[in-house]
Amino acid sequence: MPVYLPQEKMDEIFTEYGGSAQNTGSTEGQIALFTYRIKSLSDHLRNHPKDHSSRKALLSLVGSRGKMLNYLKRKDLEGYRSLIAKLGIRK
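Description of the structure in this document. (Residues numbered from 1 in each chain as written. Predicted model: local features only at pLDDT ≥ 70, side-chain atom pairs only at ≥ 80, totals over all residues. Heavy atoms only, no water.)

## Concerning the packing of helix H2 (residues 27–47) against helix H3 (residues 52–75)
For any two helices packed against each other, the geometry is given by the interaxial angle and the distance between the axes.
Okay, step 1: H3 packs onto H2 with a crossing angle of 155 degrees between their chain directions and a minimal axis gap of 9 Å. Between H2 and H3, the crossing angle belongs to the class labelled roughly antiparallel. In this structure, the crossing between H2 and H3 has a hand that is left-handed. Across the interface between the two elements, Thr27, Glu28, Gln30, Ile31, Phe34, Thr35, Arg37, Ile38, Leu41, Ser42, His44 and Leu45 of H2 pack against Ser54, Arg55, Ala57, Leu58, Leu61, Val62, Ser64, Arg65, Met68, Leu69, Tyr71 and Leu72 of H3.
Okay, step 2: When its residues are assigned to classes, the contact of H2 with H3 shows 13 nonpolar, seven polar and four charged. (Axes fitted to C-alpha atoms, helices over the stretch in contact; angles between N-to-C directions. Helix = DSSP H or I, 4+ residues; strand = E, 2+ residues; numbered from the N terminus. Parallel < 35°, antiparallel > 145°, perpendicular 65-115°, else oblique. Left-handed = near helix turned anticlockwise from the far one by under 90°. Contact = heavy atoms within 4.5 Å. Nonpolar A, V, L, I, M, F, W, Y, C, P; charged D, E, K, R; others polar.)

Here you go:
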């Protein structure tokens, strides 16, 4: 995964959702990071509708996030419900 975010922003995301800035392997933190990247790519594609490489990256991120959400749903249903409520996804 290319690092295009400032380290401070990544630390903020993992601290809020993963527990600590060093806990980058937590499922919740990774889903939150994917959600942040999806939102930024969606904004980019609104301004640049013919950017097909970014569209492909967006679809790949959405698929990866879906797989991680399914994993979290199987392992920790309450954690899954609280995370999607906090992130505002899957209404």
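## So, the nonpolar core
Okay, step 1: Core analysis: the largest hydrophobic core is formed by 22 residues, its most contacted members being Tyr17, Ile31, Leu33, Leu69, Leu83 and Leu87.
Okay, step 2: Counting residues per element, the ones that place at least two in this core are helix H1 (7–18), H2, H3 and helix H4 (77–87).
Okay, step 3: Of all the elements, H2 adds the most residues to this core, at seven residues. (Core = buried A, V, L, I, M, F, W, Y, C linked by side-chain atoms within 4.5 Å. Buried < 20%, exposed > 50% of the residue type's maximum accessible area, 1.4 Å probe, protein only.)

Such coordinate-based values are descriptive only and should not be taken to indicate function.
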